[in-house]
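Residue-level listing of the chains:
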Protein chains: 2
Amino acid sequence: MNAKKVSLKDIALKAGVSTALVSYVLNGKEKETRVGQAIAQKIKEIARELNYQPNHLAKSLRSGKTHTIGLILADISNPFFANIARVVEDEAKKSGYTVIIGSSDEKADKAWDLLNVLITRQVDGFIIVSSEHSEPHIHYLKERNIPFVLLDRHFPDLQTDFVATNNYKASYDAGVHLAKGGYERIGIIAYKTDMYHMRERIRGYKQALQDHKFTFKNNWLKEVQFENIETEVKIAIDEMTSSKDPVDAIIFATYGLAINGLKYINELMLKVPSDLGIVSFGQAEVFDLYYCPITYLKQPLELLGMTAVEFLLKKLKNPEEGVKQILMEATLIARDSSMLKPT
Amino acid sequence: MNAKKVSLKDIALKAGVSTALVSYVLNGKEKETRVGQAIAQKIKEIARELNYQPNHLAKSLRSGKTHTIGLILADISNPFFANIARVVEDEAKKSGYTVIIGSSDEKADKAWDLLNVLITRQVDGFIIVSSEHSEPHIHYLKERNIPFVLLDRHFPDLQTDFVATNNYKASYDAGVHLAKGGYERIGIIAYKTDMYHMRERIRGYKQALQDHKFTFKNNWLKEVQFENIETEVKIAIDEMTSSKDPVDAIIFATYGLAINGLKYINELMLKVPSDLGIVSFGQAEVFDLYYCPITYLKQPLELLGMTAVEFLLKKLKNPEEGVKQILMEATLIARDSSMLKPT
DNA sequence: TTTTTTTGTTTAAACGATTAAAACTTACTT
DNA sequence: AAGTAAGTTTTAATCGTTTAAACAAAAAAA
């Protein structure tokens, strides 16, 4: 950054007026502050001529607003979140906001670090895809009165703005869909976590079983740890398929679980959908790539991202506004992997 | 942000000294500026007690440095770049830098917008994964003396810092590998672009053919447009497989091409690796998921990202330092998809 | 004509930090 | 006792903007 930047002062000097006038004119306050027509015109011209770019730092220092929002993702290597990031970025830019993205990699302490870095960077607010054990972060934000919106995952016991998917319903739909497809011993592989979105996915699944008079077997629900996903998914599938009540279909509660699970199902030479029906959460072109295209639950990605931005910007404009919460419906995209008996 | 922030002045007031002293002490300049032992201690204590967090905006305004770097990606929905982003972010943070990520979606004008937004945000420098037609951006940056490092893609005619993969070699390896696997009519599907990394991939492929005394047929090279990837890949595969010189193996020059191509190969009921051998650029767990695991070229993702940060930070520290360029080698990860005759 | 109002413009403080230079204390030399 | 040096702290300018308040000149009202 060589060519020393043009400042208000430079313009003022050249126009032979004070910086105040320049500031007024360049901020469209000519009317309220009754700046002379001729001068106003001249200032604008000189500004253009000098290619003036306001200094955001100075502006922010003065105003206390940075027009920057922090986006904390649970895992940016997950294509779902990567795409969310893109949507949020685009949407924020429309309103003149810049987004700083951080990935917590599902670790609460990394999320905490990020939060603090971004707070000292004075972002105006946050959009957060929470990781486990981050309730304290939420409390902290509320306490310090920092505006934020939770995205995709939320805490039902905490009064916060959020935008999320109706996971219960989505999972229920998956169960019903498999049942209709002719499967009767449906299992689910989820993450071992207390996070609400995951509990809801399990609850929806169980409800679907119940509504079809299938008695849930403990063995049909497997919860694996994010850190050991590869080995634990294998064990889970082994146990699910080899017990005395083997499953004939599996719901994968996330994209990552599905990738690992399908990989292993291939190794086992199990045939989808005949040996095993499959439905997975999370969309990805990848599911089309499987020899038997995978039925999946498509979350309204764009809408989620855009709404989160909308909520946050509203809150920034008017911090007193009420709590905004919304649950959006996922769509089940039926493919071959969930059809035992072709209809 | 309620509880009005603690500033140097607050500390100074409480300690009964001037802000200058506080600044000196808190910046570890007590020695050079010979601040009294007792006072220094007191200041530090009060700072801790008040939980003082320096105001980055003010610091930056004064120093002209924001300790922020802009990362412009060609496409954040590509897992390769998403992971690069993560690496860059982590690495930068180690040195106290914050990263602002933007995705140009392979569009030069979006990249230009991003560039300007980030320049007005006064990032200290850029790491850029260029999209096509963005040479002018490079010139602009050089002209304005804004430090930057190109990542993954570079322009051989432009004197710039860059960190990239040796695409020629990688592609050459892919060709040789397929030839060794028993394939003799090897094709490649690439993007239609003048970008050097893509030209190199094609060049390496051709060289491999030549070294095996296979005569390259025009029909074996297909270039598709990023915007129409889905339909054009289909056409490409149709043409490659149905002509009078049908290919028996395909190299996909990118991850996205592979995803789309494999999807279509499935539809066509072509069997990998017997009907068609496959090698693809870009790593992804997804390649394991295919019924026949896909051989791929693994780029040194972490190293690329870390080196880019290293180069940039060095340049920030000492702008006069010479041009840094490095090409890193990809590793071919051999799987079943490229073995015609099992060895 | 004097007073008031309107219109147009400047002044100066503020945001929160950094830092060169000035100023003030002691203590030490001669 | 006066001068100098060394040690310690303050002053004040600066980064680029915003904006309340003060000011001046012209126009309107008295």
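Residues numbered from 1 in each chain as written. Chains lettered and ligands numbered in written order. Predicted model: local features only at pLDDT ≥ 70, side-chain atom pairs only at ≥ 80, totals over all residues. Heavy atoms only, no water.

Going by an unreviewed UniProt entry, chain A carries the name Transcriptional regulator, LacI family and comes from Dyadobacter koreensis.

## Points about the relation of the copies chain B and chain A
Once chain B is rotated about the relating axis by 180° and shifted along it by 0.0 Å, it coincides with chain A to within an RMSD of 0.0 Å. Here the two chains are linked by the operation of a two-fold rotation axis. Taken together, the interface assignments show that 98% of the residues at the interface of chain B recur at the interface of chain A, consistent with an identical surface on both copies. (Least-squares fit on C-alpha atoms with pLDDT ≥ 70 in both. Contact = heavy atoms within 4.5 Å.)

## Examining the sheet that holds strand β1 (residues 68-73) of chain B
Sheets are built from strands that pair by backbone hydrogen bonding, the pairs being arranged parallel or antiparallel. All names here are of chain B. Ordered by their spatial adjacency, six strands build an open sheet running β2-β1-β3-β4-β5-β11, and the pairing between neighbours is parallel. At either end of the open sheet lies a strand with only one pairing partner, and these are β2 (98-103) and β11 (325-328). Looking at each pair of strands side by side, their axes are set apart by 15° on average, direction ignored. Lying over the sheet, helix α6 (residues 108-120) contacts β1, β2 and β3 (125-128), oriented at roughly 175° with respect to β1. Taken strand by strand, helix α13 (residues 301-317) contacts β1, β3, β4 (148-151), β5 (162-165) and β11, and its axis lies near 170° from that of β5. (Pairing = 2+ DSSP bridges. Helix = DSSP H or I, 4+ residues; strand = E, 2+ residues; numbered from the N terminus. Axes fitted to C-alpha atoms, helices over the stretch in contact; angles between N-to-C directions.)

## Some points on the side chain of D152(B)
All names here are of chain B. Note that D152 resides in the loop between β4 and β5. On the accessibility criterion, D152 (5% relative accessible area) is buried. Among the polar contacts made by the side chain of D152, one reaches the side chain of Q299 at a distance of 3.3 Å. With near-sequence residues (within four places) excluded, D152 lies in contact with F80, F81, V129, V163, A164, T165, N167, H197 and Q299. (Buried < 20%, exposed > 50% of the residue type's maximum accessible area, 1.4 Å probe, protein only. Polar contact = N/O pair within 3.5 Å; in protein donor to acceptor, adjacent residues only side chain to side chain.)

## A word on the environment of Y52(A)
Residue and element names in this part refer to chain A. Secondary-structure assignment places Y52 in the loop between α3 (37-50) and α4 (56-63). For Y52, a relative accessible area of 18% gives the class buried. In sequence terms Y52 and N318 are 266 residues apart; their C-alpha atoms lie 31 Å from each other. Excluding residues that lie within four positions of it along the chain, Y52 makes contacts with V6, S7, L8, I11, L26 and A47.

## Considerations on the packing of α6(B) against helix α7 (residues 135-143) of chain B
All names here are of chain B. Running from N to C, α6 and α7 cross one another at 20°; their axes reach a closest spacing of 10 Å. Here α6 is positioned roughly parallel relative to α7, judged by the angle of their axes. Listed contacts from α7 to A108, A111, W112, L115, N116 and I119 of α6 are H137, Y140 and L141. Counted by class, the contact of α6 with α7 contains seven nonpolar, two polar and no charged residues. (Parallel < 35°, antiparallel > 145°, perpendicular 65-115°, else oblique. Nonpolar A, V, L, I, M, F, W, Y, C, P; charged D, E, K, R; others polar.)

## Description of the interface of chain B and chain A
With 54 residues of chain B at the contact, the number on the chain A side is 53 residues. Across the interface of chain B and chain A, roughly 5,100 Å² is buried in total on both sides, 56% from carbon and sulfur atoms. For the interface between chain B and chain A, the tally reads ten salt bridges. We note a salt bridge from D105(A) to R86(B), for which the minimum N-O separation is 2.8 Å. Here chain B and chain A share 22 residue pairs in polar contact (both at pLDDT 80 or more) between them. Listed by contribution, the elements that provide at least two residues to the side of chain B that touches chain A are α4 (56-63), α5 (79-94), β2, α6, α11 (255-267) and α12 (286-289) of chain B. (Buried area = accessible area lost by both parts, 1.4 Å probe. Salt bridge = Lys/Arg side-chain N within 4 Å of Asp/Glu carboxyl O.)

## Brief notes about the protein's contact with DNA strand C
Taken together, 25 residues are adjacent to DNA strand C, and G36(A), L8(B), S23(B), Y52(B) and R62(B) come closest. For DNA strand C, the backbone makes up 57% of the atoms found within 4 Å of the protein, where backbone means sugar plus phosphate. G36(A) places a polar main-chain atom, nitrogen or oxygen, 2.8 Å from a phosphate oxygen of DNA strand C. Between DNA strand C and S23(B), the relevant distance is 2.7 Å, taken from a phosphate oxygen to a side-chain nitrogen or oxygen of the residue. Among the elements of the structure, α2 (19-26) and α4 of chain A together with α2 (19-26) and α4 of chain B are those that each provide at least two residues to the surface near DNA strand C. (Near = heavy atom within 4 Å.)

## Quick word on the nonpolar core
Within the largest apolar cluster, 103 residues are counted, with the highest numbers of intra-cluster contacts made by I186(A), I186(B) and I265(B). In contact with I186(B), other than residues within four places in its own chain, are G175(B), L178(B), A179(B), Y205(B), L209(B), F214(B), W220(B), V247(B), D248(B), A249(B) and I251(B). Counting residues in hydrophobic clusters, the runner-up holds 58 residues, among them V87(A), L312(A), L73(B) and F311(B). (Core = buried A, V, L, I, M, F, W, Y, C linked by side-chain atoms within 4.5 Å.)

## Notes on the environment of F155(A)
Residues and elements named next belong to chain A. You can see F155 is positioned in the loop between β4 (148-151) and β5 (162-165). In this structure, the C-alpha to C-alpha distance between F155 and L209, residues 54 residues apart in sequence, is 26 Å. Apart from the residues within four sequence positions on either side, F155 is in contact with S130, S131, S134, E135, I138, L150 and M195.

## Section: the state of the cysteines
The final tally for this structure, using the stated rule, is zero disulfides over all chains. Distance from the sulfur of C292(A), which forms no disulfide, to the nearest cysteine sulfur (C292(B)) is 17 Å. Assessed through its relative accessible area of 4%, C292(A) is described here as buried. (Disulfide = S-S within 2.5 Å.)

## Observations regarding empty space enclosed by the protein
Overall, the coordinates contain six cavities of 30 Å³ or more when judged by the stated rule. Put simply, the largest cavity is a space of about 280 Å³. For the lining of the largest cavity, the secondary structure elements donating two or more residues are α4 and β2 (98-103) of chain A together with α4 and β2 of chain B. Residue classes in the lining of the largest cavity are distributed as six nonpolar, ten polar and two charged. (1 Å grid on protein atoms, 1.4 Å probe; cavity = no way out; pocket = protein on both sides within 12 Å on 5 of 7 lines; lining within 4 Å. Points joined across faces, edges and corners; volume = space filled by probe spheres on them.)

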